[in-house]
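Residue strings, one per chain:
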Amino acid sequence: MATLIDGKKLAAKLKETVRAEAQLLPRRPGLAVVLVGDDPASRVYVTSKRRDCEECGFYSEEYALPAQTTQAELAALVDELNGKGHIDGILVQLPLPKGLDERKVLLSIDPGKDVDCFHPHNVGQLTIGTPVFQPCTPGGVMEMLREYEIDPEGKRCVVLGRSNIVGKPMALLLLHANGTVVLCHSKTPDMKALAASADILVSAVGRTGLVTADMVKEGAVVIDVAMNRDENGKLCGDVCFEEVASKASYITPVPGGVGPMTRAMLMKNTLTAAKLHQGV
Ligand code: NAP
């Protein structure tokens, strides 16, 4: 039976370290979170980010804008936040309501305050292996691997899903850690066989029941990034947990796996930004 990688416990530990480091700064880190529209899931995320800021001793500002907000109004707010000295990180909660151009918004955030690591400047830094910020979800996965002393070096790492937020940066981080990486997507033929060859398998597709035991090598490390809802509305991942856990050496649960780590990494990035802004 696989060892459970406890994301909740690890995230609490990481936030404790962040809090301790933040206390040593001349000015506490500040995070601004912008929510446009009334998507209930986004509201929940924003509330938990405020709670994380409190736990880490950060200053936080929250902006809840109506769904009818125009591109120009949103741009003006981001511009204002870019100029605020006590704000180190700016997070615009995605997805944005229809009619707003996400790309334009992300481009308008000062790269030094882009704690989500979505700005092309930071994506470029990540690509060449000199990232200032860690992309939160894949960065959280790497923290988990480190904590459980799972070294990707020399391992075959298979990532399912190639989104800009998860799959691609995940592949890059594993590559920089000297893993041999295979990145799969919806047009990949024979994904099952590729997955079954993985020493480290990361699934970030968003399909309940996608990863079955026959897609997992005996003793593989299985990281489930997905956050899906099953037919009863319960949170679940891509991985058929019970059957895969009986084959894997390590496995992350959903909930309580990668999710809490993503949030903790946002705090870590905000601390990094605050240090840079304060010349520490
Ligand atoms: P996304 O943008 O929808 O990307 C999904 C990826 O999966 C795409 O690259 C797509 O391929 C690929 N895909 C779809 N069907 C496939 C199939 N049958 N076989 C192989 N690949 C397939 O999603 P995302 O934003 O990356 O999120 C993925 C999952 O992670 C979701 O469940 C999301 O909720 C979760 N998530 C969790 C966290 C966290 O903190 N735990 C953070 C972010 C996202 P194409 O590119 O070819 O379309």
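Thresholds applied
- Residues numbered from 1 in each chain as written.
- Predicted model: local features only at pLDDT ≥ 70, side-chain atom pairs only at ≥ 80, totals over all residues.
- Heavy atoms only, no water.
- Helix = DSSP H or I, 4+ residues; strand = E, 2+ residues; numbered from the N terminus.
- Contact = heavy atoms within 4.5 Å.
- Near = heavy atom within 4 Å.
- Polar contact = N/O pair within 3.5 Å; in protein donor to acceptor, adjacent residues only side chain to side chain.
- Areas by Shrake-Rupley, 256 points an atom, 1.4 Å probe, with all protein chains shown as cover.
- Pairing = 2+ DSSP bridges.
- Axes fitted to C-alpha atoms, helices over the stretch in contact; angles between N-to-C directions.
- 1 Å grid on protein atoms, 1.4 Å probe; cavity = no way out; pocket = protein on both sides within 12 Å on 5 of 7 lines; lining within 4 Å.
- Points joined across faces, edges and corners; volume = space filled by probe spheres on them.
- Nonpolar A, V, L, I, M, F, W, Y, C, P; charged D, E, K, R; others polar.
- Parallel < 35°, antiparallel > 145°, perpendicular 65-115°, else oblique.
- Salt bridge = Lys/Arg side-chain N within 4 Å of Asp/Glu carboxyl O.
- Buried < 20%, exposed > 50% of the residue type's maximum accessible area, 1.4 Å probe, protein only.
- Core = buried A, V, L, I, M, F, W, Y, C linked by side-chain atoms within 4.5 Å.

### Considering the environment of lysine 268
Assignment of secondary structure puts lysine 268 in helix α10 (residues 258-277). Put simply, lysine 268 and lysine 234 are 34 residues apart on the chain and 29 Å apart in space, counted from C-alpha to C-alpha. For lysine 268, the contacting residues outside a window of four places in its chain are Leu14, Val18 and Glu143.

### Observations concerning the site of the ligand
Taken together, 19 residues are adjacent to the ligand, and Arg162, Ser163, Ser186, Val225 and Thr262 come closest. In this structure, methionine 227 approaches the ligand through a main-chain N or O atom, which is 3.0 Å from an oxygen atom. The contact in question runs from an oxygen atom of the ligand to an N or O atom on the side chain of threonine 262, over 2.7 Å. Across the complex, the protein chains shield 71% of the 930 Å² of accessible surface that the ligand would expose by itself. By residue number, the principal contributor to the shell around the ligand is α10, which donates three residues.

### Notes on the sheet that holds strand β2 (residues 30-36)
Pairing between sheet strands relies on hydrogen bonds along the backbone, with the strands arranged either parallel or antiparallel. Taking strand neighbours across the sheet as the criterion, the three strands line up as β3-β2-β4 in an open arrangement whose pairing is parallel. Each end of this open sheet is capped by a strand with a single partner; those strands are β3 (59-65) and β4 (89-92). Strand-to-strand twist of the sheet, defined as the mean angle between neighbouring strand axes without regard to direction, takes the value 15°. Of the pairings in the sheet, the one linking β2 to β3 comprises seven bridges and is parallel in character.

### Structural notes on the layout of surface pockets
Its boundaries defined by the atoms lining it, the largest pocket holds a volume of some 1,200 Å³. What lines the largest pocket is a set of 43 residues, and nearest its centre among them are Tyr45, Gln93, Thr137, Met227 and Thr262. Of all elements in the fold, only α2 (40-56), β4, α6 (136-147), β9 (228-229) and α10 reach the threshold of two or more residues within the lining of the largest pocket. Residue contributions to the lining of the largest pocket peak at seven residues, all from α2. Taken as a whole, the second largest pocket spans an internal volume of roughly 400 Å³. Of all the secondary structure elements, the ones that give two or more residues to the lining of the second largest pocket are α4 (102-108), α5 (120-127) and α7 (167-176). No other element matches the four residues that α4 contributes to the lining of the second largest pocket. Here the lining of the second largest pocket is built from residues that sort into 12 nonpolar, one polar and four charged.

### Digging into the packing of helix α1 (residues 7-22) against α6
Where α1 contacts α6, the two axes come as close as 11 Å, and the packing angle between them is 95°. Between α1 and α6, the angle falls in the class roughly perpendicular. Seen from α1, the contacting residues are Gly7, Leu10, Lys13 and Leu14; seen from α6, they are Glu143, Met144 and Glu147. Split into classes, the residues belonging to the contact of α1 with α6 amount to three nonpolar, one polar and three charged.

### Observations concerning the side chain of asparagine 269
Position of asparagine 269 relative to the elements: it lies in helix α10. Of note is the side chain of asparagine 269, whose polar atom sits 2.7 Å from the backbone oxygen of glutamine 134. Filtering out sequence-adjacent residues up to four positions away, asparagine 269 remains in contact with Val115, Phe133, Gln134 and Cys136.

### Topic: the pattern of salt bridges
Taken as a whole and assessed by the stated rule, the structure comprises 14 salt bridges. Ionic pairing is found between glutamate 62 and arginine 43, a salt bridge with its closest N-O pair at 3.4 Å. Of the two residues, glutamate 62 is situated in strand β3 and arginine 43 in helix α2; the sequence distance between them amounts to 19 residues. With a shortest N-O distance of 2.8 Å, arginine 50 and glutamate 62 are connected by a salt bridge. In this pair, arginine 50 is assigned in helix α2 and glutamate 62 in strand β3, connecting sequence segments 12 residues apart. Accessibility expressed as a relative area gives 30% for glutamate 62, which makes it partly exposed.

### Quick look at the nonpolar core
Among the nonpolar cores identified, the biggest contains 48 residues, and Phe58, Leu145, Leu174, Val202, Ile223, Val225 and Met267 are the most heavily contacted of them. Val158, Ala198, Val216 and Ala245 belong to the second-largest nonpolar core, a separate cluster that totals 19 residues.

### Thoughts on the packing of α6 against α10
For any two helices packed against each other, one specifies the inter-axial angle together with the distance between the axes. It is at 8 Å that the axes of α6 and α10 come closest, and there the two elements cross at 105°. Looking at the two axes, α6 sits roughly perpendicular to α10. Taking contact as the criterion, the partners of Cys136, Thr137, Gly139, Gly140, Val141, Glu143 and Met144 in α6 are, on α10, Val258, Met261, Thr262, Met265, Leu266, Lys268 and Asn269. The class makeup of the residues in the contact of α6 with α10 is seven nonpolar, five polar and two charged.

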